[in-house]
Amino acid sequence: PIFICGMPRSGTTLCEQILSTHTKISGAGELSELIKFSGLENIIQTDEEKLLKFSKNLEDDNYLQNVRDQYLEYLNKFVKSGELQVTDKLPHNFILIGLIKLILPEAKIIYCKRDPIDNCFSLYSHKFVDISHQYSYNQKMLGEYYKLHKNLMNFWFNVYDDIFVLDNEKLVNNQEMISKELINFCGLKWEKDCLNFHKTKRQVRTASIEQVRQPINKKSIGAWKSYEPYLSKLISTLGYQK
């Protein structure tokens, strides 16, 4: 598996589109099965009993093997002839990196990073079809959420040294070089068609569908500046300084 994670609107769909253009990679989209198979879908922060049980499960080899087997079996449905790897681009898997490392130590993990205000503005200005991004409609809450995400990622980086950081701005400014680094990280040979990701016909079900149907461009970089007078709470919460 190749896990593509990061804040929503950080470039995860673009990353998957580039990778799935490769003949050896199948793009499965946003999968919630890891959460389901691990038993996390019914756990909330205030349920101490369930959290304690889950923490004990992490020390149980049978539990870890069972989650692994179920997840890999599920991924098989997305594999076509000749493909070696499958992407799971559920952004919030960044929360589960420790679990991923336990059950799938061979998996590749890609963290998509974007300028904080660009990322948050993209979330704030978008109306989502479900309720899973309610934090993004309040500037202060959104800024605090982003900082919590950043703190968690810093923790993972201190624990693991093999997470690939895909910097959105670097990708936009040097598409070929960064794309080659991305493919190399996945252990595959470069294919030039990966530069033409926007021509891929695979179905995309995320809010970024329009962007990934176009060549890489710089339109979204600094887009928030046109609305700066209305973003004071977000800017101050993030601690942005000119």
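Everything that follows concerns the structure shown earlier in this document.
Parameters at a glance
Each chain carries its own residue numbering, running from 1 in the direction its sequence is written. Restriction of local features to residues with pLDDT of at least 70 applies here, the model being predicted, together with a cutoff of 80 or more for giving and counting side-chain atom pairs; totals for whole chains, interfaces and linings are based on all residues. The basis for every side-chain value is the complete set of heavy atoms in the structure, and neither hydrogens nor water enter the calculation. Only DSSP runs of H or I with at least four residues qualify as helices, and only runs of E with at least two residues qualify as strands; both kinds are numbered from the N terminus onward. The quantity called the radius of gyration is restricted to C-alpha atoms. Its globule counterpart is 2.2 Å times the number of residues to the power 0.38. Under the scheme applied here, a residue whose accessible area is under 20% of the maximum for its type counts as buried, over 50% as exposed, and between as partly exposed, the area being computed with a 1.4 Å probe on protein chains only. Here, residues are in contact when the closest pair of their heavy atoms is within 4.5 Å. Methods summary: accessible areas were calculated by the Shrake-Rupley approach with a probe of 1.4 Å, and residue burial reflects only the protein chains presented. Here Asp and Glu are counted as negative and Lys and Arg as positive; His is not counted, and neither are the chain ends. Each charge is placed at NZ for Lys, CZ for Arg, CG for Asp and CD for Glu. Whether two strands pair comes down to DSSP finding at least two bridges between them. Simply put, an axis is a line fit to the C-alpha atoms, just over the touching stretch for a helix, and the angle between two N-to-C directions goes from 0 to 180 degrees. Salt bridges are identified by distance alone: a Lys or Arg side-chain nitrogen within 4 Å of an Asp or Glu carboxyl oxygen. Throughout this description, a polar contact denotes any pair of N or O atoms lying within 3.5 Å of each other; where both atoms belong to protein, one of them has to be capable of donating a hydrogen while the other can accept it, and for residues adjacent in sequence the pair is counted only when both atoms sit in side chains. Each helix should span, by expectation, one fewer than its residue count multiplied by 1.5 Å. Here, the arc refers to the directions that run from the helix axis to the C-beta atoms. Just so you know how the angles are binned, under 35 degrees is roughly parallel, over 145 roughly antiparallel, 65 to 115 roughly perpendicular, and the rest oblique. Crossing handedness is defined as follows: a turn of the near helix away from the far one that is anticlockwise and smaller than a right angle gives a left-handed crossing, while the clockwise case is right-handed. Each residue receives one of three labels: charged for Asp, Glu, Lys and Arg, nonpolar for Ala, Val, Leu, Ile, Met, Phe, Trp, Tyr, Cys and Pro, and polar for the others, Gly being one of them.

## Structural notes on the overall build of the chain
In step 1: Scanning the chain from N- to C-terminus turns up 10 helices and five strands.
In step 2: Expected size for 242 residues packed as a compact globule is a radius of gyration near 18 Å; at 18 Å, the chain falls within 12% of this value.
In step 3: The principal-axis extent of the C-alpha atoms belonging to the chain is close to 55 × 50 × 35 Å.
In step 4: Residue burial in the chain is summarised as follows: out of 242 residues, 48% are buried.
In step 5: Within the chain, contacts between residues at least 6 apart in sequence are counted, and of these 75% link residues at least 24 apart.
In step 6: Total accessible area on the chain is roughly 13,600 Å²; 50% of this is exposed by carbon and sulfur atoms.
In step 7: Across the chain, the centroid of the 32 positively charged side chains sits 8 Å from that of the 29 negatively charged ones.

## Observations regarding the sheet that holds strand E4 (residues 108–113)
In step 1: One open sheet holds the five strands; their spatial order is E2-E3-E1-E4-E5, and the pairing between them is parallel. The strands lining the two open edges of the sheet, one partner per strand, are strand E2 (25–27) and strand E5 (164–167). Each strand of the sheet is rotated relative to its neighbour by a mean of 25°, with strand direction disregarded.
In step 2: Where E2 lies against strand E3 (residues 85–88), three bridges are found, and the strand directions are parallel. Bridge assignment links Gly 27 to a residue of E3, and that residue is Thr 87.
In step 3: Docked against the sheet, helix H9 (residues 175–185) engages E4 and E5, running at close to 160° with respect to E5.

## A few points about the pattern of salt bridges
In step 1: Scanning all chains against the criterion turns up six salt bridges.
In step 2: Among the salt bridges present, the one from Glu 30 reaches Lys 89, with a minimum N-O distance of 2.7 Å. Of this pair, Glu 30 sits in the loop between E2 and helix H2 (33–38) while Lys 89 sits in the loop between E3 and helix H5 (97–103), and the two are 59 residues apart along the sequence.
In step 3: Given the relative accessible area of 42%, Glu 30 is considered partly exposed.

## Here's the deal with the side chain of Thr 237
In step 1: Here Thr 237 lies in helix H10 (residues 232–238).
In step 2: Here Lys 233 takes part through its backbone oxygen, which lies 2.6 Å from a polar atom of the side chain of Thr 237.
In step 3: If sequence neighbours within four positions are ignored, Thr 237 has contacts with Lys 140, Gly 143, Glu 144 and Lys 147.

## Quick word on helix H7 (residues 139–159)
In step 1: Spanning 21 residues, H7 covers 31 Å between terminal C-alpha atoms, matching the ideal 30 Å at 1.5 Å per step.
In step 2: When H7 is considered as a whole, its buried residues turn out to be Gln 139, Leu 142, Gly 143, Tyr 146, His 149, Met 153 and Trp 156. All buried residues of H7 project into a common sector of 140° when viewed along the axis, lining one side. Summarising the geometry of H7, the exposed residues directed more than 90 degrees from the buried face are Leu 148, Asn 151 and Asn 158.
In step 3: Of the surrounding elements, those touching the buried residues of H7 are H5, E4, helix H6 (116–124) and H10.
In step 4: Two or three places before Lys 140, at the opening of H7, Asn 138 has a side-chain oxygen 3.1 Å from that residue's backbone nitrogen.

## Quick notes on the packing of H6 against H7
In step 1: Contact geometry of H6 with H7 gives a least axis separation of 11 Å together with a crossing angle of 135°. As the angle between them shows, H6 and H7 are arranged oblique. Our pair here, H6 against H7, has a crossing hand that is right-handed. For the pair H6 and H7, contact is made by Pro 116, Asn 119, Cys 120, Leu 123 and Tyr 124 and by Gln 139, Leu 142 and Tyr 146, respectively.
In step 2: Within the contact of H6 with H7, the residues separate by chemical class into six nonpolar, two polar and no charged.

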